[in-house]
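A look at the structure
Spelled out from the first residue to the last, the chains are:
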Amino acid sequence: HDHESKLFNKNYFMSELKITCSRSARHNYPLSILRVSINDFEKENRTYSKRVKRNTLKVFGILMHSLVRDGDIPCRYDENHFLILLPFTEEENALLLEDRIEQTLEKDKWMTSQQITFEFNTTEFDKKESEEALILRTLA
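Okay, so let's go over this structure.

Rules behind the numbers
- Residues numbered from 1 in each chain as written.
- Predicted model: local features only at pLDDT ≥ 70, side-chain atom pairs only at ≥ 80, totals over all residues.
- Heavy atoms only, no water.
- Helix = DSSP H or I, 4+ residues; strand = E, 2+ residues; numbered from the N terminus.
- Rg over C-alpha atoms; globule rule 2.2 N^0.38 Å.
- Buried < 20%, exposed > 50% of the residue type's maximum accessible area, 1.4 Å probe, protein only.
- Contact = heavy atoms within 4.5 Å.
- Polar contact = N/O pair within 3.5 Å; in protein donor to acceptor, adjacent residues only side chain to side chain.
- Pairing = 2+ DSSP bridges.

Our next topic: the overall build of the protein chain. For the protein chain, the count of helices and strands is 4 helices and 5 strands. Reading the protein chain from its N end, one meets helices and strands in the order β-α-β-α-β-β-α-β-α. Its C-alpha atoms give the protein chain a radius of gyration of 15 Å, within 12% of the compact-globule value 14 Å for 140 residues. Taking the principal axes of its C-alpha atoms as reference, the protein chain extends roughly 50 × 25 × 25 Å. A buried classification covers 48% of the 140 residues belonging to the protein chain.

Structure follows, in structure tokens:
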């Protein structure tokens, strides 16, 4: 787990992605990934203090856990990108989750004077592509 957000870490996510993509291709079930990025949240960007970042990540992690299903895998992929692996989920349904997360994040006050903004991207796994290609499409 990621210490700050309490979400799964990148290593765990990548391991699960490999297994889940393989199963999806073998059994022909849908698989999607949802990316949520916190804008201007990179380590080198000094827009937010360490305390604000720590509190934001804690609240963000709690919100993500509350919004996803038990079988979904939310992770902190890197400094400001968060991915949610959505097994048995077509892109259409993943977009519904994206909308629900976006509305929830916009309603939260984030306990900071700076406005925190987010970007989203949802992709569905193409059974002919590799896990790496899926991640690249999702992060684009």
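Before going further, it helps to spend a moment on the environment of R35. With respect to the helices and strands, the residue R35 is situated in strand β2 (residues 31–38). Along the chain, R35 and N55 lie 20 residues apart, while their C-alpha atoms are 20 Å from each other. Here R35 is in contact with H81, F82, L83, E119, F120, N121, T138, L139 and A140, once residues within four sequence places are set aside. Polar contacts involving the side chain of R35 include one to the main-chain carbonyl oxygen of T138, which spans 2.9 Å.

On a regular strand, one side chain projects to one face of the sheet and the next to the other, so that they alternate. Counting buried residues along β2, 8 of its 8 residues qualify, which places the element largely inside the surrounding structure. The pairing of β2 with strand β4 (residues 81–87) spans 7 bridges and is classified as antiparallel. Considered in β4, the bridge of I33 is made with L85. Both β2 and strand β5 (residues 118–124) contribute to a ladder of 7 bridges, which runs antiparallel. In the strand pairing of β5, I33 is matched with T123.

What follows covers unusual backbone geometry. At N28, a position not held by glycine, the phi torsion is positive, near 55°. Residue N28 is classed as exposed on the basis of its relative accessible area, which comes to 60%. The backbone phi angle of F88 is positive, close to 60°, even though this residue is not glycine. Summarising the element assignment, F88 is placed in the loop between β4 and α3 (91–107). Taking the relative accessible area as the measure of exposure, F88 reaches 58% and is therefore exposed.

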